[in-house]
Amino acid sequence: MDSVLFPTDFSEVSMNAFLYAVEYAKKTEKKIIVFHAYDLETETSEVEQKLYEKLDIQNFRNKKETFPPFEKILKENKIDSLKVKYVVREGDFIDTFTQYIGKREDKVAVVVMGTQISKSGLFQLFTETSTLKILDEINKPVVVVPANAKFDGDLDNILFLVDYQEDEKEPLEDLISESKSFKAKLHVVHFDLAHGDSIVPMMDRFKASLRNHDVSNVTFKTIDSIDIKKSLLDYCIENTIDIVCLINHKRNFYQRLFTYSLTEDLIRNINTPVMAIYRD
């Protein structure tokens, strides 16, 4: 069974993202792997210290225990059919996290994690680890959930940014299938900054080349814009977008925006989760 990998440090930022991971796992029939890395030689938060005392963290890996904070969330939301696996590793988070994925103990389909804006203005995973480093280290789709995102119970409006490039077709086809599992509307949006010839013929060829021809739940839209960030923010607000998806590709225009200010603007202004989809 494919898995949703959910790294946590038990902070409020991380706990807030858990329901997004749960909903994603439920609708796509995946199990959740709750992953935690610890290093007792470094300073830990008060929440972590209390949990470590309760679980005897050093012996956790040899036991069949659960993490009470997450079991409480599942119970409160009356979720009893979801398969959940708890994994603990000792060592640096980035190192242990990437090693776990690399060993393929579980078939990880997507990573869901919390993030927040740091005082320096750069968005970060939890409170210290750079989200960008995670994106560079692992070749999996990553959903980044802002600290102030409020889960409304559904992921029913998904947006996918496109530039009508070949490497966007396969991820889009996957998103079309997943959006149907969610019973969601998929917004495929292109922002036209060139304002040259009509983009419609390119869009039509792109649509016609998709293997999944059932696009009854998909809206294709091209928007003329001189300010892509403002246009995107406006579109997300007007259409109550639950998650923005884009390609994690260095040569892709949207990847450059993601790397710098676009995601920060999304997090600051509308608190919308962002999915970065890895492509070679």
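It should be emphasised that the depicted structure is a prediction, and the values quoted were computed from it without experimental measurement.

A. Up close: the overall build of the protein. Helix and strand counts for the protein come out as 10 helices and 12 strands. In the protein, which comprises 280 residues, the share counted as buried stands at 52%. Contacts spanning at least 24 positions in sequence make up 78% of the contacts within the protein whose residues lie at least 6 apart. Of the roughly 14,200 Å² of accessible surface on the protein, a fraction of 45% belongs to carbon and sulfur atoms.

B. The nonpolar core, seen in detail. Among the nonpolar cores identified, the biggest contains 50 residues, and F6, F18, I32, F70, F160, L172 and L186 are the most heavily contacted of them. The biggest single contributor to this core is helix 1 (residues 12-28), with eight residues. With near-sequence residues (within four places) excluded, I32 lies in contact with V4, F6, F18, A21, V22, A25, L82, K83, V84 and K85.

C. Representation of the side chain of K31 within the structure. Looking at the element boundaries, K31 is found in strand 2 (residues 31-38). Of the residues examined, K31 reaches a relative accessible area of 17% and is grouped as buried. In this structure, K31 is in contact with M1, D2, S3, V4, K83, K85 and D106, ignoring residues within four places of it in sequence.

D. How the structure looks around the confidence of the model for the protein. Mean pLDDT for the protein: 78, with 73% of residues reaching 70 or above. When the criterion is pLDDT under 50, residues 119-130 qualifies, and its contacts beyond four places in sequence or with other chains add up to 39 contacts.

E. Quick look at the pattern of salt bridges. Counted according to the given criterion, the structure contains 10 salt bridges. Here D106 makes a salt bridge to K85, at a shortest N to O gap of 2.8 Å. Here K85 lies in strand 3 (residues 84-90) and D106 lies in the loop between helix 4 (93-103) and strand 4 (108-117), a separation of 21 residues in the sequence. A salt bridge links E166 to K169; the shortest N-O distance between them is 3.0 Å. Since its relative accessible area comes to 16%, K169 is described here as buried. A network of salt bridges, in which partner residues are shared, links E23, K26, K27 and D154.

F. Local environment of helix 8 (residues 228-238). Along helix 8, the residues that are buried comprise I228, S231, L232, L233, Y235 and C236. The N-cap residue of helix 8 is D227: its side-chain oxygen and the backbone nitrogen of K230 are 3.2 Å apart.

G. Main features of the packing of aromatic side chains. For the structure shown, the criterion picks out 13 aromatic pairs. Judged by centre distance (6.4 Å) and plane angle (65°), the ring pair of F35 and F93 falls under edge-to-face. Note that F35 is positioned in strand 2 and F93 in helix 4, a separation of 58 residues in sequence. Of the residues examined, F35 reaches a relative accessible area of 0% and is grouped as buried. A relative accessible area of 13% means that F93 is categorised as buried. Among the aromatic residues, ring-to-ring pairing joins F6, F10, F18, F67, F70 and Y86 into one connected group.

H. Local environment of the pairing of strand 8 (residues 157-161). In terms of burial, strand 8 is a largely internal element, five of the five residues being buried. Residues N157, L159 and L161 point to one face of strand 8 and I158 and F160 to the other, with burial holding for every one of them. Summarising the sheet, strand 8 and strand 9 (residues 185-192) pair through five bridges and their orientation is parallel. Counterpart to F160 in the pairing with strand 9 is V188.

I. Spatial organisation of the pairing of strand 2. Of all eight residues in strand 2, eight are buried, a share of seventy percent or more. Neither face of strand 2 is open: one carries K31, I33, F35 and A37, the other I32, V34, H36 and Y38, and all of them are buried. Relative to strand 2, strand 1 (residues 3-7) runs parallel, the two sharing five bridges. Opposite P7, over in strand 2, you have F35 as the bridge partner. For the crossover that starts at strand 1, traverses helix 1 and ends in the parallel strand 2, the hand is right-handed.

J. Quick peek at unusual backbone geometry. Non-glycine residue K78 carries a positive phi angle of around 55°. Looking at the secondary structure, you find K78 in the loop between helix 3 (68-76) and strand 3. Despite not being glycine, Y164 has its phi angle at roughly 55°, a positive value. Relative to the helices and strands, Y164 is located in the loop between strand 8 and helix 6 (169-182).

Cut-offs and rules
The written sequence of each chain sets the order in which its residues are numbered from 1. Only residues with pLDDT of at least 70 are given local features in this predicted model, and only at 80 or more are side-chain atom pairs given and counted; all residues enter the totals for whole chains, interfaces and linings. Where side-chain values are given, they derive from all heavy atoms of the structure, hydrogens and water being excluded. Strands are runs of DSSP state E lasting at least two residues, helices are runs of H or I lasting at least four, and both sets are numbered from the N terminus onward. A 1.4 Å probe rolled over the protein chains alone gives each residue an accessible area, and that area as a share of the maximum for its type sets the label: buried under 20%, exposed over 50%, partly exposed in between. By definition in these notes, contact holds between two residues if any of their heavy atoms fall within 4.5 Å. What sets the accessible areas is the Shrake-Rupley method with a 1.4 Å probe; for residues, cover comes only from the shown protein chains. To form a nonpolar core, buried Ala, Val, Leu, Ile, Met, Phe, Trp, Tyr and Cys residues must be joined to one another through side-chain atoms within 4.5 Å. You can read pLDDT as the predictor saying how much it trusts each residue, on a scale of 0 to 100. A side-chain nitrogen of Lys or Arg and a carboxyl oxygen of Asp or Glu constitute a salt bridge if their distance falls within 4 Å. N or O atoms within 3.5 Å of each other form a polar contact, as long as, within protein, one can give a hydrogen and the other can take it, and as long as residues adjacent in sequence are counted only when both atoms are side-chain atoms. Stacked, tilted and edge-to-face are the three classes assigned to paired rings of Phe, Tyr and Trp, where Trp is represented by its six-membered ring and a pair needs centres within 6.5 Å; plane angles under 30 degrees give stacked, over 60 edge-to-face, the rest tilted. If DSSP finds at least two bridges between two strands, the strands pair. Whether a crossover is right-handed depends on one test, that the path from the first strand over the helix to the second runs clockwise when the strands point away from the viewer.

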